Amino acid sequence: MRNIIFTVYYTILRYFRDKKTLVTMIVFPLVLIFILGSALSTAFTPSEMGKTKVAYLSLDKGGFTQAFEEFLQVEDVEELLEVVEIESYEEGVSLISQQKVSGFIFIEEDHSLRLQEGKEAKVKIVSSRYGNFRSKVIANVVEAFTNGSNAIAATATLGKMNPNYNPGNSIDYSTISIKGRIPTSMDYYSVTMLAMIMMYGSSYGIYGIAQDYFDSIGSRIKASPIRAYQLYIGKTLGIVLTLTLQALIVVLFSKYAYGVNWGGSIGVIMLICFSLATLSTGLGVMLSMVTGDRRAANNISSILVPVFTFISGGYMPLSNFGGGKIAGLFDRLKLVSPNYLTQRAMFNQIFDGSLKGAEVFIMGLWAISLMLFLTSIMAGRRQVQ
Amino acid sequence: MVVNIKNLVKRYNELLAVDNVSLSIKEGEIFGLLGPNGAGKTTLINTILGLTRFDEGSIEIFEKDFKKHEYDIKKEIGIVPQDLAIFEDLTAYENVDYFGRLYGLKGNLLKERIEEALNFTGLQERKKDFPKKFSGGMKRRLNIACAIMHHPKLIIMDEPTVGIDPQSRKMILESVKKLNKMGSTVIYTSHYMEEVEEICSNITIIDHGRIIAKGTKEELKAMIAFEERVTIQLSAISFNLVDDIKKIDGVKECLLQENELLVVSVRGAGNLSRIIDEVGGKGIEIKGLNIEKPTLEGIFLILTGRSLRD
């Protein structure tokens, strides 16, 4: 145990004496947080979504169409939709393909009649695959109407005379305070830049293992009576604690100097940092062991970290980035990014205030760490000649 | 025996780095391992220290099997690696402290030993300084301080004087002798034959992973002393002198270059007085005389056909 403790102590001491790297690990993220947080603040402020433009064609001349068209003219609905009446189905499709409207509401000729006969009748909504969000607005409006009309039909069937449909009741608007519930740009980049710089901490792992395996000082240490596991636990723990302490400085500075919201429990945030530090150290160790070359390991790390940061939305939020298939691809890719797991864990903790929401992501970080260390051990056995 | 190696073989794929090496090192010896760069000295040292696995043979240290008693054996060994193995970002004191702790020292004993090691290597005054402020020689001395502070029974020094000034080299060689007098057995590898000649009692010459000669200095020199070379500085020359000396029994060759006469004789010919008489008989005054002795460099040259520094 003594061997592990003094190895931890000297590892931390040495890394904190490395002023150049220390500045990079602490000052660099703080500067980035300030620049990105200030420059992109408007991108994170919720804004009016405006009206959704929708094409409309009804071939039905019955009561349903009359009621629906009255519904579309209700003030609350008019605030959401800008209805463009068209002459043909083809025109509607064409407008969508030209991206002039976000969707197309089409009612077939015998819609009202079918309803009266108790048959199934559906309002058709055609939308562009590029307009997911606005298509949902259109669908919600139509759904609100059909739900209401179904309720009236059911009431009438039960015998109540003259049921009146008040469309205003179908859409319920309420406002909530969003302050502290969604991240400001400064909050967002504090989390993402912290995750990024901690991933760059993999260079500590690379350096640490390269020194032990490829430098003369490593030979000297291995020629001493310290057990290999004591050395590696001590060294790894030293690096992990160094990274966690550096993260703590970034968190505290950004909290008090920039007013960043780190939620109610700095302890949980540090637990997440500790988990990511373990992963990042493991990544460095693994790259060093697998490549057997410090420079190659550093090169791979310096490619991986920006990629992980990008796909996790570290540089900019990527919700619906590129739309369609590309957005879907990024949605899947980000799941393998340690940055994403860290960001989700932190955002869940900060804005939901519960450890439960963060737990699964923390466990994800530890699972990846375990895989990295196991890979290192296997590669290490191959290295010893 | 402190070290007993039998039929050691180490291969790196096709390369035979250590080729069936057997050697024994007695307690209290300064054992010299001499050979050019790439001869296999460091590989041999690394196998002794357990840093490199070997393919065949056995190694016993302190009469214990290394594989079975690795940690006990390591406690009694101090290693001074060929390349500097010190932390540039720790002070001299912290460096020695770190390695002292690795060897299980603690408390007051640790503090005493740190001071002792720094005093021994002349770094006491600079103990708070970082090695980056040190000269090459001082770094080498710190390299030694880190190896000796736990009072090892066996000290392995792998080319400890590479790239340093003559003053530091002298100090290091003196410290090796001192450590040996204090009771440590020393394995000293070098490609500087003067160093090995100066401090080592027993020498093994290694090349291409094989032992090509071993013994005391005298034994090794005797192996190659097939001839004796005498150079004589003369006051004047005589045309018949060379021919007359060649007629003396045992003389193999005689050359005259300006006023210097080189006479090569068969070893043990005992003809030096006759050569001097022949010169004096021609009325030539002898201004100087030098009998060349065989060197380890010469031994290596004869055994391998190349110089130690090739």
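These figures come from a predicted structure and were not determined experimentally.

### Comments concerning the overall build of chain A
Part 1 of the argument: Within chain A, the regular secondary structure consists of 16 helices and four strands.
Part 2 of the argument: When each of the 385 residues of chain A is scored for burial, the buried share is 45%.
Part 3 of the argument: Taking all contacts inside chain A whose residues are at least 6 apart in sequence as the whole, residues at least 24 apart take part in 77%.
Part 4 of the argument: Summed over its atoms, the accessible surface of chain A is roughly 19,600 Å², and 59% of this surface lies on carbon and sulfur atoms.

### Points about the UniProt feature "transmembrane region" (unreviewed entry) in chain A
Part 1 of the argument: Under the UniProt annotation, the feature "transmembrane region" (unreviewed entry) is placed at residues 21–44, 188–210, 231–253, 265–287, 299–318 and 360–380 of chain A.
Part 2 of the argument: Along residues 360–380 of chain A, the helical share is 100% and the strand share 0%, with 30 Å between the first and last C-alpha atoms.

### Details of the sheet that holds strand β13 (residues 260–266) of chain B
All names here are of chain B.
Part 1 of the argument: Spatially, β12-β13-β11-β14 is the arrangement adopted by the four strands of the open sheet, whose pairing is antiparallel. Here the strands that pair on one side only, and so sit at the sheet edges, are β12 (251–257) and β14 (286–292). Adjacent strand axes in the sheet meet at a mean angle of 15 degrees, parallel and antiparallel pairs treated alike.
Part 2 of the argument: Relative to β13, strand β11 (residues 227–234) is paired through seven bridges, and the arrangement is antiparallel.

### Quick notes on the side chain of Thr65(A)
Residues and elements named next belong to chain A.
Part 1 of the argument: In this fold, Thr65 is placed in helix α3 (residues 63–72).
Part 2 of the argument: On the basis of relative accessible area, Thr65 is assigned to the buried category, the value being 6%.
Part 3 of the argument: Among the polar contacts made by the side chain of Thr65, one reaches the side chain of Asp60 at a distance of 2.8 Å.
Part 4 of the argument: Dropping the residues within four chain positions of it, Thr65 is found in contact with Tyr56, Ser58, Asp60, Ile107 and Ser112.

### What to know about the nonpolar core
Part 1 of the argument: Residues Leu194(A), Met198(A), Trp262(A), Cys273(A) and Met346(A) are the most contacted members of the largest nonpolar core, which totals 58 residues.
Part 2 of the argument: Sorting the residues of this core by element identifies α2 (19–39), α8 (185–200), α9 (202–214), α11 (228–257), α12 (266–291), α13 (294–311), α15 (338–352) and α16 (355–383) of chain A as the ones contributing at least two each.
Part 3 of the argument: Residues Ile79(B), Phe134(B), Met138(B) and Leu154(B) belong to the second largest nonpolar core, which totals 56 residues.

### Some words on the interface of chain A and chain B
Part 1 of the argument: Contact residues are listed per partner, giving 23 residues for chain A and 34 residues for chain B.
Part 2 of the argument: Taken together, both faces of the contact between chain A and chain B bury some 2,600 Å²; the carbon and sulfur share is 61%.
Part 3 of the argument: For the pair chain A and chain B, the number of links is two salt bridges.
Part 4 of the argument: Two residues, Arg14(A) and Asp89(B), come together in a salt bridge whose shortest N-O distance is 2.8 Å.
Part 5 of the argument: Counting across the chain A and chain B interface gives nine residue pairs in polar contact (both at pLDDT 80 or more).

### Comments concerning the pattern of salt bridges
All names here are of chain B.
Part 1 of the argument: Evaluation of the coordinates by the stated rule reveals 17 salt bridges over all chains.
Part 2 of the argument: Between Arg210 and Asp19 there is a salt bridge, with its nearest N and O atoms 3.9 Å apart. Of the two residues, Arg210 is situated in strand β10 (residues 210–216) and Asp19 in strand β2 (residues 15–25); the sequence distance between them amounts to 191 residues.
Part 3 of the argument: Overall, the relative accessible area of 40% leaves Arg210 in the partly exposed class.
Part 4 of the argument: As a salt-bridge pair, Lys247 and Asp244 come within 3.7 Å of each other at their nearest N and O atoms.
Part 5 of the argument: Ionic contacts of the salt-bridge type, sharing partners, join the residues Asp244, Lys247, Glu278 and Lys282 into one network.

### Points about helix α5 (residues 136–148) of chain B
Part 1 of the argument: Look at α5(B): 19 Å from first C-alpha to last across 13 residues, which is about the 18 Å you get at 1.5 Å a residue.
Part 2 of the argument: Of all the 13 residues making up α5(B), 12 are buried; the element is thus mostly covered by neighbouring parts of the structure.
Part 3 of the argument: Residues Gly137(B), Met138(B), Lys139(B), Arg140(B), Arg141(B), Leu142(B), Asn143(B), Ile144(B), Ala145(B), Cys146(B), Ala147(B) and Ile148(B) constitute the buried set of α5(B).
Part 4 of the argument: Elements in contact with the buried residues of α5(B): α10 (216–222) of chain A together with β6 (77–80), α3 (92–102), α4 (107–120), β7 (154–158) and α6 (166–181) of chain B.

### Observations regarding the packing of aromatic side chains
Residues and elements named next belong to chain A.
Part 1 of the argument: Applying the stated criterion to the full structure yields 22 aromatic pairs over all chains.
Part 2 of the argument: Ring geometry for Tyr15 and Tyr204: centres 4.4 Å apart, planes at 35 degrees, overall tilted. Here Tyr15 is found in helix α1 (residues 2–17), whereas its partner Tyr204 is found in helix α9, with 189 residues between them in sequence. A single burial state applies to Tyr15 and to Tyr204, both of which are buried.
Part 3 of the argument: Seen from their ring centres, Phe71 and Phe145 are 5.2 Å apart, and the 50 degrees between their planes marks the pair as tilted. Here Phe71, found in helix α3, pairs with Phe145, found in helix α7 (residues 132–157); they are 74 residues apart in sequence, far enough to count as distant. When sorted by exposure, Phe71 lands in the same class as Phe145, which is buried.

### Some thoughts on the confidence of the model for chain A
Part 1 of the argument: Looking at chain A, pLDDT values average 81 and 84% of them are 70 or higher.
Part 2 of the argument: Taken together, the stretch residues 159–178 of chain A has pLDDT below 50 and engages in 21 contacts with residues farther than four places along the chain or on a different chain.

### Some points on empty space enclosed by the protein
Part 1 of the argument: Applying the stated criterion to the full structure yields two cavities of 30 Å³ or more.
Part 2 of the argument: Lining the largest cavity are Thr7(A), Tyr10(A), Thr11(A), Arg14(A), Lys235(A), Phe87(B) and Tyr98(B).
Part 3 of the argument: Sort the elements by how many residues they give to the lining of the largest cavity and α1(A) lands first, with four residues.
Part 4 of the argument: Here the second largest cavity is characterised by a volume of approximately 30 Å³.
Part 5 of the argument: Taken together, Met25(A), Leu194(A), Ile197(A), Met198(A), Leu243(A), Gln246(A), Ala247(A) and Val250(A) make up the full set of residues lining the second largest cavity.
Part 6 of the argument: At the level of secondary structure, the elements contributing two or more residues to the lining of the second largest cavity comprise α8 and α11 of chain A.
Part 7 of the argument: A per-element tally of the lining of the second largest cavity places α11(A) first, with four residues.
Part 8 of the argument: Here the lining of the second largest cavity is composed, by residue class, of seven nonpolar, one polar and no charged.

### Thoughts on the pairing of β13(B)
All names here are of chain B.
Part 1 of the argument: Across the seven residues of β13, five count as buried, placing the element largely inside the fold.
Part 2 of the argument: Sheet topology note: the β12/β13 ladder contains six bridges and is antiparallel. In the strand pairing of β13, Leu255 is matched with Leu262.
Part 3 of the argument: Turn length for the β12-β13 hairpin, with the two strands adjacent in sequence and antiparallel, is two residues, and the turn residue Glu258 shows positive phi of about 50 degrees.

### A short note on the side chain of Asp60(A)
Residues and elements named next belong to chain A.
Part 1 of the argument: Within the secondary structure, Asp60 is located in the loop between β1 (52–58) and α3.
Part 2 of the argument: Despite its burial, Asp60 remains without a salt bridge, the nearest opposite charge being carried by Lys61 at 8.5 Å.
Part 3 of the argument: Reaching out from Asp60, the side chain makes a polar contact with the backbone nitrogen of Gly62 at a distance of 3.4 Å.
Part 4 of the argument: With near-sequence residues (within four places) excluded, Asp60 lies in contact with Thr65, Ile107, Glu108, Glu109, Asp110, His111 and Ser112.

### What about α11(A)?
Residue pairs three or four apart in sequence face the same way in an α-helix, which turns once every 3.6 residues.
Part 1 of the argument: For α11(A), spanning 30 residues, the distance from its first C-alpha to its last is 43 Å, which sits close to the expected 44 Å at 1.5 Å a residue.
Part 2 of the argument: Following α11(A) by one or two positions, Gly259(A) adopts a phi angle in the positive range, close to 70 degrees.

Rules and cut-offs
Residues numbered from 1 in each chain as written. Chains lettered and ligands numbered in written order. Predicted model: local features only at pLDDT ≥ 70, side-chain atom pairs only at ≥ 80, totals over all residues. Heavy atoms only, no water. Helix = DSSP H or I, 4+ residues; strand = E, 2+ residues; numbered from the N terminus. Buried < 20%, exposed > 50% of the residue type's maximum accessible area, 1.4 Å probe, protein only. Contact = heavy atoms within 4.5 Å. Areas by Shrake-Rupley, 256 points an atom, 1.4 Å probe, with all protein chains shown as cover. UniProt positions renumbered as here; feature names shortened; annotations may be inferred. Pairing = 2+ DSSP bridges. Axes fitted to C-alpha atoms, helices over the stretch in contact; angles between N-to-C directions. Polar contact = N/O pair within 3.5 Å; in protein donor to acceptor, adjacent residues only side chain to side chain. Core = buried A, V, L, I, M, F, W, Y, C linked by side-chain atoms within 4.5 Å. Buried area = accessible area lost by both parts, 1.4 Å probe. Salt bridge = Lys/Arg side-chain N within 4 Å of Asp/Glu carboxyl O. Expected span 1.5 Å × (residues − 1). Phe/Tyr/Trp six-rings, centres within 6.5 Å; stacked < 30°, edge-to-face > 60°. pLDDT = per-residue confidence, 0-100. 1 Å grid on protein atoms, 1.4 Å probe; cavity = no way out; pocket = protein on both sides within 12 Å on 5 of 7 lines; lining within 4 Å. Points joined across faces, edges and corners; volume = space filled by probe spheres on them. Nonpolar A, V, L, I, M, F, W, Y, C, P; charged D, E, K, R; others polar. Lys, Arg positive; Asp, Glu negative; His and termini not counted.

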